[in-house]
Amino acid sequence: MRPLEAPTIRLVDYTQPAFWVDHVDLTFKLDPKATRVSSKIKFRGNPDLVDGPHDLRLDGRNLKLISAAIDGQDLTKDAILQDAEGLTIPSDLVPQSGFVWEAEVEINPEGNTALEGLYMSNGMYCTQCEAQGFRKITYYPDRPDVMATYSVTITGDAPILLSNGNKLEHGCWHDPWPKPAYLFALVAGDLVSYDDTFTTRSGRRVDLQIFVRDGDQDKCAYAMDALKRSMKWDEDVYGREYDLDLFMIVAVDDFNMGAMENKGLNVFNSKYVLASPETATDRDFELIEGIIAHEYFHNWTGNRITCRDWFQLCLKEGLTVFRDQQFSGDMRSHAVTRINDVLQLRTRQFREDAGPLAHPVRPEEYIEINNFYTATVYEKGAEVIGMLKLLVGDDGYDRALDLYFNRHDGQACTIEDWIKVFEDACKRDLNQFKLWYSQAGTPRIKVSETYDNGAYTLTFEQSNPPTPNQDRKQPQIIPIRVGLLDADGREPVAEQVFELAKAKQSFTVSGFDAKPTPSILRGFSAPVILEQNQGLDDLTFLLAHDSDPFNKWEAGRTLATDLLTRMILTDATPDQAFLAAMRKVATDDTLAPAYRALALALPGEDALAQSIFDKGQAPDPDKIYQARQSLSLAIAQNIGDDLINLYHSMAVSGAYTPNATDAGKRSLRSAALGLLTRLETDAKTAKAQFGAANNMTEQLSALATLIHQGHGDAATTAFYDQWKDDRLVIDKWFAIQANSTAPDAALAKVTALSGHADFDWKNPNRFRSLIGPFAMNPAAFHHKNGKGYTFIADWLIKLDPVNPQTTARMCGLFETWRRYDSTRQAMQKAQLERIAATPSLSKDSTEIIGKILG
């Protein structure tokens, strides 16, 4: 089947399988090129389907069938109808009430470069079965609503043989909890373990093991600590206790995703496990903490309760992202965590919603399900959970979650099941709220206000622009947190939560002596775009007085965006009010350092491009770049001598620790360094920090500053010489050069790096470390000569036959092509069409490129 002829899978076409599975026995005889997999599967007929008899349909790709039998009777080759996607056994050969299927297949892990199913990673056997990788291991009904217990036997030369569940003996495993095939896992290799234990609140001992390559044991302590804190937090906050005797994590170098929550045997991209002060940044430690938590939390929200079909992916991912965000806030700072979460949402998901790849949180159709592991499903899905919690209150949320776990444990569920537990627990009709799952796009909220004799009225109008296949949208329920400040910055009335449910709706609050200043959408209470006419005085007032940390930051962000937009479009110069506000934030010791660092960071180039496009003009990447450089310099000059004092005051003495307090100081110190270096002709402070740094956070921030300011050649060479034997650090070396090199020199730099001996382009981490950061250097990627587009397209075409999943995700780098000027549009379109015309392009990439082109 040609990719363009691949079928479209639709939510409305869901039907239950003809046969359920009770138990699966698997035996693996491992061999790099010819692994034999024997399966013995106990099927039972589905009593809800009365239109039989039914054929037996099993999914399977790239499998060599050796033998097959039903209830011990061998099936002849003529009885088995095989095709590229699986096999069918006619109904007259299939006992309809139940039977045992046995099969032996041969697979080639070493030749599996797509990294789905069973594959090799530097001599290690590893699996990745979500979403549809199990069908590359053996024939099976590879769908999430088919849940079964598993017993696994593994034979081979590797000293470590792992699978899901509890260990019976070497190479033998049993998982007593029914699971879908996408949660199956197998790892085999020459590995060592970093061990610990956890005692559950009921007193059970759980053995914990992190498996890594020999030599990496000293980089596992933080991951283990994060795991134990996650287990304790899930007990304390959600009442969820771990349910096996053993929990394992394996660090793998070649991995398409961040991590995978396989029951009892989580497989992780090694970058999200391995960390030491010398090799990992504060951000790395933070990501390890959050991703370890995310995958562990899936044990209940994803594994014990899974999704009925892949259209319900947001059911497990949106909820689990929300849970890991709660955890990160508790572990660090809720204010800083929230700002970072919203920055990511706006950078990735708002961009997705505004372009050709827009889709609902629960999509209605797909060609390749791997293409829907998106920011909309994950990040916007989490925002929907947050809104639901705000609407029903903390107590209502807790009651609903308890009911969800009690009612649906062991089931494969839908969004309808999820909403129903909230309706039942909270006695509230949520039919309109469910539109958040079915309508794509980012709602826009227009705000107007009136004040009359102590009564203040806010009027909101909601709209949602057309998105692919959805021209008209219905009004959604949007919770809007509002604070009202008097002239002294006090709040005479309590904070309000207005529920906007109509296209236009007004809300009145009384009890004021004068017109208050509104603080609207506090905590970013809904994933919307707020259209509010706020003058310089109001924004400056909120920056100084708002008690809500998010809106305080948002006021400064809006000031910066408005100023930069004027600088780009009208050649305006930085105004003193803004510069004074930035100086006050930078030197205000009552604010947490991490918060001040975020406040000093200017809006990114891509966000400014979208803001200008929203005003009806084509963004000029060169002008955007220059405006940000000019404003950064002006901020540095205005803070002046206080910068060096700020820089030195944020130095952390003593041994490195990744705790939030120290990390916050280092982030502000890094921001001060970036500004300070603009005032120095020789970058002496950055050079000194690079040479003296005893941790990767400060070494890498100094290197980035030096490269950005054109003083990085010697440091770049020294960094490589120091870290050339550490694969994860060298990923950073590639990325920092691609992202920080000045636009006019960036393409030459990444072209040279793509020919470097260490650029293993078949490794997803290494490929992403060069190609992604270059595209996120907008003035370089969108250089007027168009060569950046050709560079990216060349590499996508090269990667696609090797790893379609990674290629398709990287195709999204072109999703904003229509917002630029006609010349840049034409050049990007030409490259998109060249990719689309590539012979045998994968269905993964074909679907994404087709949507981008429209």
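Residues numbered from 1 in each chain as written. Predicted model: local features only at pLDDT ≥ 70, side-chain atom pairs only at ≥ 80, totals over all residues. Heavy atoms only, no water.

Attention now goes to the overall build of the chain. Across its full length, the chain holds 26 helices and 31 strands. Since a compact globule built from 854 residues should have a radius of gyration of about 29 Å, the 28 Å found for the chain is in line with a globular shape. Every one of the 854 residues in the chain was classed for burial, and the buried ones make up 59%. Of the accessible surface of the chain, which amounts to about 32900 Å², a share of 49% is contributed by carbon and sulfur atoms. Taking the average location of the 90 positive side-chain charges in the chain and that of its 118 negative ones, the two points are 2 Å from each other. (Helix = DSSP H or I, 4+ residues; strand = E, 2+ residues; numbered from the N terminus. Rg over C-alpha atoms; globule rule 2.2 N^0.38 Å. Buried < 20%, exposed > 50% of the residue type's maximum accessible area, 1.4 Å probe, protein only. Areas by Shrake-Rupley, 256 points an atom, 1.4 Å probe, with all protein chains shown as cover. Lys, Arg positive; Asp, Glu negative; His and termini not counted. Charge placed at Lys NZ, Arg CZ, Asp CG, Glu CD.)

Taken in spatial order, the three strands of this open sheet run β28-β27-β30, and their pairing is antiparallel. Only two strands of the sheet have a single neighbouring strand rather than two, namely β28 (496-500) and β30 (517-520). Averaged over neighbouring strand pairs, the angle between their axes works out to 35° when direction is ignored. Relative to β30, strand β27 (residues 478-485) runs antiparallel, the two sharing four bridges. Bridging from a neighbouring strand, G483 pairs with S519 of β30. Sheet contacts for helix α8 (residues 536-545): β27 and β30; angle to β30, the most-contacted strand, approximately 70°. (Pairing = 2+ DSSP bridges. Axes fitted to C-alpha atoms, helices over the stretch in contact; angles between N-to-C directions. Contact = heavy atoms within 4.5 Å.)

Two elements in contact, helix α9 (residues 549-570) and helix α13 (residues 621-639), have axes whose closest approach is 9 Å; the angle formed by their N-to-C orientations is 125°. Classified by the interaxial angle, the pair formed by α9 and α13 is oblique. Crossing hand, α9 versus α13: right-handed. Contact residues: L563, L564, M567 and I568 in α9; K623, I624, A627, R628, S630 and L631 in α13. (Parallel < 35°, antiparallel > 145°, perpendicular 65-115°, else oblique. Left-handed = near helix turned anticlockwise from the far one by under 90°.)

Okay, the packing of aromatic side chains next. Applying the stated criterion across every chain yields a total of 46 aromatic pairs. Taking the centre distance of 6.1 Å and the plane angle of 45° together, the rings of Y397 and F422 count as tilted. Of this pair, Y397 sits in helix α5 (residues 375-408) while F422 is found in helix α6 (residues 415-426), placing the two residues 25 residues apart along the sequence. Summarising the burial analysis for this pair, Y397 and F422 share the class buried. Plain terms: the ring middles of F524 and F550 are 5.7 Å apart, the flat faces sit at 45° to each other, and that makes the pair tilted. (Phe/Tyr/Trp six-rings, centres within 6.5 Å; stacked < 30°, edge-to-face > 60°.)

Take the sheet that holds strand β20 (residues 259-260) next. One open sheet holds the five strands; their spatial order is β17-β18-β19-β21-β20, and the pairing between them is mixed. The open sheet has two edge strands with one neighbour each: β17 (192-199) and β20. Where strand β19 (residues 246-252) lies against strand β21 (residues 265-269), five bridges are found, and the strand directions are parallel. For A251, the partnering residue across the bridge sits in β21 and is F268. Against the sheet, helix α1 (residues 221-238) contacts β17, β18 (205-212) and β19, and its axis sits at roughly 25° relative to β17.

Let us look at the pattern of salt bridges. Inspection of every chain in the model, using the stated rule, returns 68 salt bridges. Between K263 and D243 there is a salt bridge, and its shortest N-O distance comes to 2.8 Å. Taken as a pair, K263 in the loop between β20 and β21 and D243 in the loop between α1 and β19 lie far apart in primary sequence, 20 residues in all. The two residues K263 and D243 agree in class, both being buried. A salt bridge links D589 to R596; its shortest N-O distance comes to 3.4 Å. When its relative accessible area of 64% is taken as the criterion, D589 is described as exposed. (Salt bridge = Lys/Arg side-chain N within 4 Å of Asp/Glu carboxyl O.)

All right, on to the nonpolar core then. In globular proteins that are soluble, nonpolar side chains generally tend to be buried together. By size, the foremost hydrophobic cluster in this structure holds 275 residues, and its most contacted members are W101 and W418. With 14 residues, the single largest contributor to this core is α5. (Core = buried A, V, L, I, M, F, W, Y, C linked by side-chain atoms within 4.5 Å.)

Once that is clear, we can look at helix α11 (residues 593-600). Counting buried residues in α11 gives six out of eight residues, a clear majority hidden from the surface. Residues of α11 that are buried: Y595, R596, A597, L598, A599 and L600. Those residues of α11 that are buried are in contact with α4 (334-353), α9, α10 (576-587), α14 (642-649) and α15 (660-678).

Among the eight residues of β27, seven are classified as buried, and the element is accordingly described as predominantly covered. Here β27 runs beside β28; their pairing, made up of five bridges, is antiparallel. Bridging across to β28, R481 finds its partner in V497.

Next up on the list: the environment of D513. The topology assignment puts D513 in the loop between β29 (504-510) and β30. Judged by its relative accessible area of 84%, D513 is exposed. Separated by 224 residues in sequence, D513 and E289 place their C-alpha atoms 48 Å apart.

Let us look at the environment of D575. Take D575: it is sitting in the loop between α9 and α10. Sequence separation of D575 and A634 is 59 residues, and the distance between their C-alpha atoms is 9.5 Å. Setting aside chain neighbours within four positions, we find D575 in contact with L563 and R566. A polar side-chain atom of D575 sits 3.2 Å from a polar atom in the side chain of R566. (Polar contact = N/O pair within 3.5 Å; in protein donor to acceptor, adjacent residues only side chain to side chain.)

Relative to each other, α11 and α15 sit at 30°, their axes nearing to 7 Å. Between α11 and α15, the interaxial angle falls into the category roughly parallel. Between α11 and α15 the crossing geometry is left-handed. Contacts between α11 and α15 pair P593, A594, R596, A597 and L600 from the former with G664, K665, S667 and L668 from the latter. Each residue belonging to the contact of α11 with α15 can be placed in one class, and the counts come to five nonpolar, two polar and two charged. (Nonpolar A, V, L, I, M, F, W, Y, C, P; charged D, E, K, R; others polar.)

For the rest of this paragraph, the subject is the pairing of strand β2 (residues 19-29). Bridge analysis of β2 against strand β3 (residues 35-45) gives 10 bridges, and the strand direction is antiparallel. From the neighbouring strand, F19 faces β3, where its bridge partner is G45. Once β2 ends, the chain turns through five residues before running back antiparallel as β3. Here β2 pairs with strand β12 (residues 148-155) via seven bridges, running parallel. Its bridge partner being in β12, D25 is matched across the sheet by S151.

This next bit is on helix α26 (residues 843-853). Most of α26 sits out of view: eight of its 11 residues are buried. Taken residue by residue, α26 has D844, S845, T846, E847, I848, I849, I852 and L853 as its buried positions. Turning to α26, the residues buried within the fold contact β23 (365-366), α24 (804-811) and α25 (822-836).

With that settled, the discussion passes to the state of the cysteines. What the rule picks out here adds up to zero disulfides. No disulfide involves C413; its nearest neighbouring cysteine sulfur is the one of C307, lying 9.5 Å away. C426 carries a free sulfur, and the closest cysteine sulfur to it, the one in C413, is 17 Å from it. Owing to a relative accessible area of 16%, C426 belongs among the buried residues under this scheme. (Disulfide = S-S within 2.5 Å.)

In this section: unusual backbone geometry. The omega angle of the peptide bond from G52 to P53 is 5°, so this bond is cis rather than trans. Tracing the backbone through its elements, the reader meets P53 in the loop between β3 and β4 (56-59). That bond from E130 to A131 is cis: its omega, 5°, falls within 30 degrees of zero. Tracing the sequence through the fold places A131 in the loop between β11 (124-128) and β12. The residue F524 is not glycine, and still its phi comes out positive at about 50°. Positive phi is not limited to glycine here, since A683 has a value of about 50°. Residue position: A683 is located in the loop between α15 and α16 (684-692). Relative accessible area serves as the criterion here: at 0%, A683 is assigned to the buried category.

Coordinates in, geometry out; function isn't part of it.
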